[in-house]
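What the coordinates show
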Amino acid sequence: MFSLTVRRHFMIAHSLPRESFGPAQGLHGATLVAEVTFRRAELNDDAIVLDIGAAGTLLDDVLEGLDYKNLDEHPDFEGQLTTTEVLARFIAEAVAAKVRESDDGGALAGVDVLLREHPDAWAGYSLEFER
């Protein structure tokens, strides 16, 4: 399996109103680093997984809807806790939707999203594409 990874950072605000989240129950900000890995079994005719610039633009487009937003007020997260795991799944699904719109989307096998909250802590979500 071949892979290509691009990364970007983005900033959010949110609260996690459950006792288990301690001080993060209240509204707070976070800077997250998103790493998205695109996977495919065979390289395309240009001997690549996906154009790096196109992959970065795709991720930028997805993160634009999250960057500098208060996720407590974001309509896509109504009624959900916006944990790092939930955000990773949201980004994976949004990236997958954009990939399906692209000309090269049929050949990709899936995407992996890793969200780093801190150099020593991260969460992720993997999504396999149906054929």
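Let me sum up the structure you'll find in this document.

Reading the values: the criteria
For every chain, the first residue of the written sequence is number 1, and numbering continues from 1 onward in sequence order. Local features in this predicted model are restricted to residues of pLDDT 70 or higher, and side-chain atom pairs are both shown and tallied only at a pLDDT of 80 or more, whereas totals for entire chains, interfaces and linings draw on every residue. The basis for every side-chain value is the complete set of non-hydrogen atoms in the structure, without hydrogens or water. Pairing between strands is defined by DSSP: at least two bridges between them are needed. For the purposes of this entry, the term helix denotes a DSSP run of H or I that reaches at least four residues, the term strand denotes a run of E that reaches at least two, and both are numbered from the N terminus. Should any heavy atoms of two residues lie within 4.5 Å, those residues are counted as being in contact. Axis geometry follows a simple rule: fit a line to the C-alpha atoms, using only the stretch in contact for helices, then measure angles between N-to-C directions, giving values from 0 to 180 degrees. Here's how the labels work: a residue is buried when its accessible area is under 20% of the maximum for its type, exposed when over 50%, partly exposed in between, all with a 1.4 Å probe on protein chains only. Put simply, two rings from Phe, Tyr or Trp (the six-membered ring, in Trp's case) pair if the centres are within 6.5 Å, and we call them stacked under 30 degrees between planes, edge-to-face over 60, tilted for the rest. For a ring to carry a charge above it, either NZ of a lysine or CZ of an arginine must fall within 6 Å of the ring centroid while also lying within 35 degrees of the normal to the ring plane.

What follows is about the sheet that holds strand β4 (residues 110-118). Here five strands make up an open sheet; going across it, the order is β3-β1-β2-β4-β5 and the pairing mixed. Strand pairing shows two members of the sheet lacking a second neighbour, β3 (69-70) and β5 (121-128), which therefore form its edges. As paired elements, strand β1 (residues 2-14) and β3 share two bridges and run parallel to each other. Bridging from a neighbouring strand, Ala13 pairs with Asn70 of β3. Contacts from helix α1 (residues 52-64) reach β1, β2 (28-40) and β3, with the element oriented near 20° to β1.

Moving on, we come to the environment of Phe21. If you trace the backbone, Phe21 turns up in the loop between β1 and β2. Residue class for Phe21 comes out partly exposed when judged on its relative accessible area of 28%. When the C-alpha positions of Phe21 and Thr83 are compared, they lie 9.9 Å apart, and in sequence the two are 62 residues distant. Excluding residues within four positions of it along the chain, Phe21 makes contact with Leu16, Leu81 and Thr83.

Under the counting rule described, the total for this entry stands at one aromatic pair. Aromatic side chains Phe77 and Phe90 sit 4.7 Å apart centroid to centroid with 55° between the ring planes, which places their arrangement in the tilted category. Taken together, the residues Phe77 in the loop between β3 and α2 (84-101) and Phe90 in helix α2 connect sequence positions 13 residues apart. Since its relative accessible area comes to 22%, Phe90 is described here as partly exposed. Here Arg100 stacks its cationic end above the ring of Phe129, 5.4 Å away from the centre of that ring. Directly above the aromatic system of Trp122 lies the positively charged group of Arg116, at a separation of 4.5 Å from the ring centroid.

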